[in-house]
Amino acid sequence: MVTREAPECGAMVFVIEHDERERESVRKAIERTGCMVVPLADVEAAISLLANHAACDLIVLSATAMDNDPASFDRLQSAAEQPPPPIILYGVNAETRVVLHCLNKGAADFVAKPAGEDELIQAVQSLVEHDCLRADASDSDAIRAARPVGGWIELTANSQLEQFRRLQRFSDALFSSSLPKNVCEDLKMAVEEVGRNAVEWGNQFDPDKQVQVSYCFFDDRVVIKVEDEGEGFAHSALPDPTRDPVRTMQQRVDAGKRPGGYGVFLIHKLVDETIYNEKGNVVLLIKYLPDSEKREIVQETKRYF
């Protein structure tokens, strides 16, 4: 049996994509990272190579090559030497059931298609440097998905920025399949800002603490809940940085904080309602859909906590 090891000049990457032009584009992008690439037209070709113990450190799998059949992902993993190589999904409008299945089975990342070269290269380099070549990669590095109650989808990652970025890319994929583009962009920015705060200020980059992003689509709105395991904060006491930007910046420098301080106020511009729990470690982001009747949320919001 051949042992899967990283080649000295770079990792071995399988690219599985039906479309020849897209496959060639992805191949060229990944080769610029120093990896060696095996371009394949379908999942069956990859399974055949893996079953014959072909070296493979990473798989980039197009959702179209799967034909939206999550069993294709399972067969790829089963054919590979164990533990199987990480798999990056990429695609557009991937079905929610497929994304969630692959995520729960260990998909390492998601990149939107048409694949932005910078984002794809970043995803490949991150996995090669931090996962593929590490023998000690553990379940704590995994992003987990659940459906805790009807209609809700829950994603959980540890408090490392790279892990949260991966969680966000999966989240973006699920948003993109269900929401208008302008709504999707606003929510992406809002979740990114809240999530960074949860990782940095809430959990203080502690890898043993989790960040959880849950969301649900309603007829007239999207509700997103972001929760960390930190001590919370007094959100109502935050000063408005737009009133005196210079003073705000100096106060942050004096407190040993990075420049910024505008995130919470940016979020208010991106979503229609922002609701914190009393402790300040859970926030609801509510975005009304276009043409919906904006009605006040009273008692029903309490059940989200």
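As a convention, each chain's residues are numbered from 1 in the sequence order in which they are written. For this predicted model, a pLDDT threshold of at least 70 governs which residues receive local features, and a threshold of 80 or more governs which side-chain atom pairs are given and counted, while totals over whole chains, interfaces and linings are taken from all residues. Side-chain calculation: all heavy atoms of the structure are included, whereas hydrogens and water are not.

Section: the pairing of strand S4 (residues 87-91)
No. 1: Relative accessibility thresholds used throughout: buried, under 20% of the residue-type maximum; exposed, over 50%; partly exposed, between the two (1.4 Å probe, protein chains only). Segments assigned H or I by DSSP are reported as helices when at least four residues long, segments assigned E as strands when at least two residues long, and all are numbered from the N terminus. Within S4, five of the five residues are buried, which leaves the element mostly enclosed by the surrounding structure.
No. 2: Along S4, one buried face is formed by Ile87, Leu89 and Gly91 and the opposite face, lined by Ile88 and Tyr90, is buried too.
No. 3: Where strand S3 (residues 58-62) lies against S4, four bridges are found, and the strand directions are parallel. What sits directly across from Ser62, in S4, is Tyr90. At least two bridges found by DSSP between two strands are what make those strands a pair.

What to know about the sheet that holds strand S2 (residues 36-40)
No. 1: Judged by pairing direction, the sheet is parallel, and its five strands sit side by side in the order S2-S1-S3-S4-S5 without closing on themselves. The sheet is open, and its two borders are formed by S2 and strand S5 (109-112), each paired with just one other strand. Averaged over all neighbouring strand pairs, the angle between strand axes comes to 20°, with direction disregarded.
No. 2: Sheet analysis places S4 next to S5, joined by four bridges and oriented parallel. Counterpart to Ile88 in the pairing with S5 is Asp109.
No. 3: Where helix H1 (residues 20-31) meets the sheet, its contacts fall on strand S1 (12-16), S2, S3 and S4, and the angle it forms with S2 comes to roughly 170°. Between the N-to-C directions of two axes lies an angle of 0 to 180 degrees, each axis being a line fitted to C-alpha atoms and, for a helix, fitted only over the stretch in contact. The criterion used for residue contact is that any of the two residues' heavy atoms lie within 4.5 Å.

What to know about the packing of helix H2 (residues 43-51) against helix H3 (residues 70-79)
No. 1: One can describe the packing of H2 onto H3 by two numbers: an axis separation of 8 Å at closest approach and a directional angle of 15°. Accordingly, the angle class assigned to the pair H2 and H3 is roughly parallel. The element H2 and its partner H3 pack so that their crossing is left-handed. Here Val43, Glu44, Ala46, Ile47, Leu50 and Ala51 of H2 lie close against H3, whose contacting residues are Ser72, Arg75, Leu76 and Ala79.
No. 2: Any residue outside Ala, Val, Leu, Ile, Met, Phe, Trp, Tyr, Cys, Pro, Asp, Glu, Lys and Arg is labelled polar, Gly included; the first ten of those are nonpolar and the last four are charged. Residue composition of the contact of H2 with H3, by class: seven nonpolar, one polar and two charged. Should an angle fall under 35 degrees it is called roughly parallel, over 145 degrees roughly antiparallel, and 65 to 115 degrees roughly perpendicular, with every other angle called oblique. The hand of a helix crossing depends on one turn: near helix anticlockwise from the far one by less than a right angle means left-handed, and clockwise means right-handed.

A closer look at the sheet that holds strand S7 (residues 152-158)
No. 1: Overall, antiparallel pairing links the six strands, which are arranged S6-S7-S8-S9-S11-S10 in an open sheet. Bordering the open sheet on either side are strand S6 (144-146) and strand S10 (273-276), each of which pairs with just one other strand. For this sheet, the mean inter-axis angle between neighbouring strands, taken without regard to orientation, is 15°.
No. 2: The sheet strands contacting helix H6 (residues 161-176) are S7, strand S8 (210-217) and strand S9 (221-227), and the helix crosses S7 at an angle near 160°.
No. 3: Docked against the sheet, helix H7 (residues 181-202) engages S8, S9 and strand S11 (282-288), running at close to 175° with respect to S11.

Notes on the packing of H3 against helix H4 (residues 96-104)
No. 1: Running from N to C, H3 and H4 point in directions that differ by 20°, and their axes come no closer than 9 Å. Here H4 runs roughly parallel to H3, going by the angle between their axes. Considering only the axes of H3 and H4, their crossing is right-handed. Side by side, H3 and H4 meet where Pro70, Phe73 and Asp74 of the first sit next to Arg97, Val98, His101 and Cys102 of the second.
No. 2: Taken together, the residues that form the contact of H3 with H4 break down as four nonpolar, one polar and two charged.

Digging into the environment of Gly34
No. 1: Mapped onto the elements, Gly34 comes out in the loop between H1 and S2.
No. 2: Under the relative-accessibility criterion, Gly34 is labelled partly exposed at 31%.
No. 3: Sequence separation between Gly34 and Gln125 is 91 residues, and the spatial gap between their C-alpha atoms is 9.4 Å.

Description of the pattern of salt bridges
No. 1: Counted as salt bridges are all cases of a side-chain nitrogen of Lys or Arg within 4 Å of a carboxyl oxygen of Asp or Glu. Summed over the entire model, instances satisfying the criterion amount to 10 salt bridges.
No. 2: Linking Arg27 and Glu24 is a salt bridge whose minimum nitrogen-to-oxygen distance equals 2.3 Å. With a gap of three residues between them, Arg27 and Glu24 both fall in helix H1, about one helical turn apart.
No. 3: Assessed through its relative accessible area of 17%, Arg27 is described here as buried.
No. 4: Counted as one network, the salt bridges with shared partners bring together Asp109, Glu162, Arg165, Arg166 and Arg169.

What to know about the nonpolar core
No. 1: Within this scheme, the nonpolar core is defined by two criteria: the residues are buried Ala, Val, Leu, Ile, Met, Phe, Trp, Tyr or Cys, and they are joined through side-chain atoms within 4.5 Å. Of all hydrophobic cores here, the largest spans 63 residues; its most connected members are Ile16, Ile59, Leu61, Leu76, Leu155 and Ile224.
No. 2: With eight residues, H7 is the single largest residue contributor to this core.
No. 3: Setting aside anything within four residues of it in sequence, one finds Leu61 in contact with Ile16, Val43, Met66, Phe73, Leu76, Ile87, Ile88, Leu89 and Tyr90.
No. 4: Among the nonpolar cores identified, the runner-up in size contains 18 residues, and Val26, Val37, Val60 and Val128 belong to it.

Examining the packing of aromatic side chains
No. 1: Think of it this way: a Phe, Tyr or Trp ring, Trp meaning its six-membered ring, pairs with another when their centres are within 6.5 Å, and the plane angle makes it stacked under 30 degrees, edge-to-face over 60, tilted otherwise. Counted by the stated rule, this structure contains two aromatic pairs.
No. 2: A centroid spacing of 6.3 Å and a plane angle of 50° characterise the contact between Phe110 and Phe170, whose relative ring orientation is tilted. A residue pair is termed long-range when its members are at least 10 positions apart, and Phe110 in strand S5 and Phe170 in helix H6 qualify at 60 residues.
No. 3: Assessed through its relative accessible area of 0%, Phe170 is described here as buried.
No. 4: Remark: a charge is flagged as sitting over a ring if the NZ atom of Lys or the CZ atom of Arg is within 6 Å of the ring centre and within 35 degrees of the ring normal. Sitting above the plane of the Phe218 ring, Arg221 keeps its charged end 5.0 Å from the centroid.

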